[in-house]
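# Working through the structure, step by step
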Amino acid sequence: MRSTRPVVPPPRASSGDILAIGKVPNPFGPEDTPVRREIVEAVNRMGGIGEDAEARYQHALKALRGHSKDVLIEVAALYDRLPAHRYLDRWSLVQLVTSLEDPASLTFLDEILSSALPPEESKKPATYSTVGQEVIIRTTAIEAVDRLAAGGDTQALEVLLKHTRHHNFSVKRAAIQSYLAQGGKHARQALLKALPVKDHHILDIRRADVHEVPQPKVEARSGRDPNELPPRSTLGKREHRSR
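Here's a quick rundown of the structure. (Residues numbered from 1 in each chain as written. Predicted model: local features only at pLDDT ≥ 70, side-chain atom pairs only at ≥ 80, totals over all residues. Heavy atoms only, no water.)

### Overview of the side chain of threonine 164
Relative to the elements of secondary structure, threonine 164 occurs in the loop between helix 7 (154-162) and helix 8 (169-182). Discounting residues that sit within four places of it in the chain, threonine 164 has contacts with Lys172, Ala175, Ile176, Leu191 and Leu195. (Helix = DSSP H or I, 4+ residues; strand = E, 2+ residues; numbered from the N terminus. Contact = heavy atoms within 4.5 Å.)

### A look at unusual backbone geometry
Of note in this structure, glutamate 101 is not a glycine but carries a positive phi near 55 degrees. Relative to the helices and strands, glutamate 101 resides in the loop between helix 4 (87-100) and helix 5 (106-114).

### Some remarks on the environment of arginine 173
Mapped onto the fold, arginine 173 is located in helix 8. Residue arginine 173 is classed as partly exposed on the basis of its relative accessible area, which comes to 30%. Taking C-alpha positions, arginine 173 is 8.3 Å from leucine 203, a pair spaced 30 residues apart along the chain. Discounting chain neighbours no more than four positions away, the residues touching arginine 173 are Ile202 and Ile205. (Buried < 20%, exposed > 50% of the residue type's maximum accessible area, 1.4 Å probe, protein only.)

### Some thoughts on the packing of helix 4 against helix 6 (residues 130-150)
Their axes nearest at 8 Å, the elements helix 4 and helix 6 cross at an angle of 10 degrees. Considered as vectors, helix 4 and helix 6 are oriented roughly parallel to each other. Every residue of helix 6 that contacts helix 4 at Tyr87, Arg90, Trp91, Val94, Gln95, Thr98 and Ser99 is listed here: Thr130, Gln133, Glu134, Ile136, Ile137, Arg138, Thr140, Ala141, Glu143, Ala144 and Arg147. Grouping the constituent residues of the contact of helix 4 with helix 6 by class yields seven nonpolar, six polar and five charged. (Axes fitted to C-alpha atoms, helices over the stretch in contact; angles between N-to-C directions. Parallel < 35°, antiparallel > 145°, perpendicular 65-115°, else oblique. Nonpolar A, V, L, I, M, F, W, Y, C, P; charged D, E, K, R; others polar.)

### Things to note about the pattern of salt bridges
Evaluated as defined, the whole model comprises twelve salt bridges. Linking aspartate 199 and lysine 172 is a salt bridge whose minimum nitrogen-to-oxygen distance equals 3.1 Å. Of this pair, aspartate 199 sits in the loop between helix 9 (187-194) and strand 2 (237-242) while lysine 172 is found in helix 8, placing the two residues 27 residues apart along the sequence. Linked by salt bridges that have partners in common, Arg90, Glu134 and Arg138 make up one network. (Salt bridge = Lys/Arg side-chain N within 4 Å of Asp/Glu carboxyl O.)

Following this line, the structure appears as C-alpha cells:
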C-alpha cells in the first residue's frame, strides 16, 4: 500500500513565536457537522507518529472516501474561510485532498493554482517568507493533480499543462516536471510547443526527490533548531502564542 501521508515538510509556523498546542473541539466556530469532524480527525491523523500512524490515517481517509462529494464541498468551504495567514491549516486541507485522489477535486485544485500570489509580507523573507508558504500550498496542489494524472485522468493532464505557464517559477517547474512524467511519449514535444523558448531549459531540470526540496525556514531562536519540523496542523488544535 502506497503511503499517502506527506513527506515534504509543510509550511512553517511564523518566526519568533513559541507554540503550545491544546486540543479544542472545533477551531472553525460553533457550527459542527459529522463531515467536518471527520475532516479534522483525518488532518490530525496526517501528522501522527508511531507504528500504526499510517494505518490510522488510511482508516480516516477510507471514512472520507465513502462520501467524498460532501467532503470536497466542505473542504473547499473551509479553505475559503481560512485567513490567508493560516498557511499550515490551508496546506493541510490541500494535502488531505491530495491523499483522497478524487477527480472531483480538480476544480478546487485549479482554483488554488490560478489564484494570484499575494505580495511578500515578511520583513525578513530570507529566513521566513510568506510567499514561500503560498508556493508550498500550490506545489502541493500540483502533486494532487499529478496523482490524478498518474491514474489516467486526462483532465488532470490538461490542468498540469495549463499551469506549466504559471508566473511563479517553482510552481511552473513542478507542473512541467509532472506533465513530463505523466503525459506519455509525446509530453516533451507538447511542452516544447506550448512553452516559450525561454522556458525550454526547465524540461531538462532533474525532478528533485521530495526529501531534497528546500523549505522556508523560521528565524532561529535561542535554544531552537531553525530546521526543526513544524507542529501538526491546528485544524483540530489551537495555537497559543507567546513572545
